[in-house]
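The lines below spell out each chain.
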Amino acid sequence: IEVHSCMNCPLWRTRRNQVVGRGSVPAEILLVGEAPGKSEDIMGVPFYGRSGVLLNRGLQEVEKRLSIRNITMPTYYITNLIECIPYSFTGVLKSIREPLQMEIERCERNLNVIIRRIMPVRIVTIGALAKKYMSIRSTNSVVHPSFVLRQGGSSSPVYLTFLQQLEDAFSL
């Protein structure tokens, strides 16, 4: 999806790439995370780093589970609440922080463009922040893959919860 080069908030000044989304257009399911990370900022693709690897693994597993039940995997598109990496600066050091409400609000227009173009049957939020901001529009939520990674990744019990949440979300 092509959107205009966004300069609605100060985050555009420190990004490498505006990270819009990836997936099918239109799509039955729209997955919405919170913000790009370092890998995403470099590549310009959402969920490209370690969290993306885990999300892709989870989606592949869900596709297998649905196939066993003779259910076709719904088409999906992945994006974030905001399209620019939210850096925090301390002197010359920079770190990633949670997006500010103002940044999310200013990026909402871009998200609305994506929603109109995707025309999803269901919106699934990824993580607590996306769930908070999308609660009116969202019908399902999954834990963020970065949380799963912090709990031990695919060998942790949280991964099983993550898979079940994904499967529930993709069972239209």
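Residues numbered from 1 in each chain as written. Predicted model: local features only at pLDDT ≥ 70, side-chain atom pairs only at ≥ 80, totals over all residues. Heavy atoms only, no water.

Let's shift gears to the packing of aromatic side chains. Applying the stated rule across the entire model yields three aromatic pairs. Here the aromatic rings of Y76 and F170 are separated by 5.7 Å at their centres, their planes lie at 80°, and the arrangement is edge-to-face. Here Y76, found in strand β3 (residues 76-80), pairs with F170, found in helix α6 (residues 157-170); they are 94 residues apart in sequence, far enough to count as distant. We classify Y76 as partly exposed; its relative accessible area is 23%. (Phe/Tyr/Trp six-rings, centres within 6.5 Å; stacked < 30°, edge-to-face > 60°. Helix = DSSP H or I, 4+ residues; strand = E, 2+ residues; numbered from the N terminus. Buried < 20%, exposed > 50% of the residue type's maximum accessible area, 1.4 Å probe, protein only.)

Let's shift gears to the environment of I78. Secondary-structure assignment places I78 in strand β3. For I78, a relative accessible area of 0% corresponds to the buried category. Distance from I78 to P46, taken between C-alpha atoms, is 6.8 Å for residues 32 residues apart in sequence. With residues up to four places along the chain from it excluded, the contact list for I78 reads V20, G21, R22, L31, P46, F47, L55 and L59. (Contact = heavy atoms within 4.5 Å.)

To continue, consider helix α2 (residues 50-68). The end-to-end C-alpha distance of α2 is 28 Å, a good match for the 27 Å that 19 residues give at a rise of 1.5 Å each. Listing the buried residues of α2 in full gives S51, G52, L54, L55, G58, L59, V62 and L66. Each buried residue of α2 sits inside an arc of 155° when the element is viewed along its axis, so together they form one side. Turned more than 90 degrees away from the buried face of α2, the exposed residues are R50, V53, Q60, K64 and I68. (Expected span 1.5 Å × (residues − 1). Arc of directions from axis to C-beta.)

Attention shifts here to the sheet that holds strand β6 (residues 122-126). Pairing between the strands of a sheet comes from backbone hydrogen bonds, and it takes one of two forms, parallel or antiparallel. Reading across from one edge, β1-β3-β2-β6-β7 is the order of the five strands in this open sheet, with mixed pairing throughout. Bordering the open sheet on either side are β1 (21-23) and β7 (140-142), each of which pairs with just one other strand. Strand after strand, the sheet turns through a mean of 20° between neighbouring axes, direction not considered. Strands in contact with α6 are β2 (29-33), β3, β6 and β7; relative to β7, the strand with the most contacts, it is inclined by about 155°. (Pairing = 2+ DSSP bridges. Axes fitted to C-alpha atoms, helices over the stretch in contact; angles between N-to-C directions.)

It is worth spelling out the environment of V121 at this point. Structurally, the position occupied by V121 is in the loop between α3 (101-118) and β6. The spatial distance from the C-alpha of V121 to the C-alpha of I85 is 28 Å, given a sequence separation of 36 residues.

With that out of the way, let us pick up a nonpolar patch on the surface. There is a patch of nonpolar side chains on the surface, built from I42, M43 and Y48 and spanning about 300 Å² of accessible area. Overall, the relative accessible area of 45% leaves I42 in the partly exposed class. (Patch = residues over 30% accessible without salt bridge, like charges linked within 9 Å, V, L, I, M, F, W, Y side chains within 5 Å. Areas by Shrake-Rupley, 256 points an atom, 1.4 Å probe, with all protein chains shown as cover. Salt bridge = Lys/Arg side-chain N within 4 Å of Asp/Glu carboxyl O.)

In total, this model carries four salt bridges according to the counting rule given. Put simply, R65 and E61 hold a salt bridge, and the shortest N to O gap is 3.6 Å. Within this pair, R65 and its partner E61 are both found in helix α2, separated by four residues, close to a single helical turn. By relative accessible area, R65 is classed as partly exposed at 23%. Because the salt bridges share partners, they merge into one network encompassing E61, R65, R69 and E167.

By themselves, these figures tell us nothing about what the structure is for.
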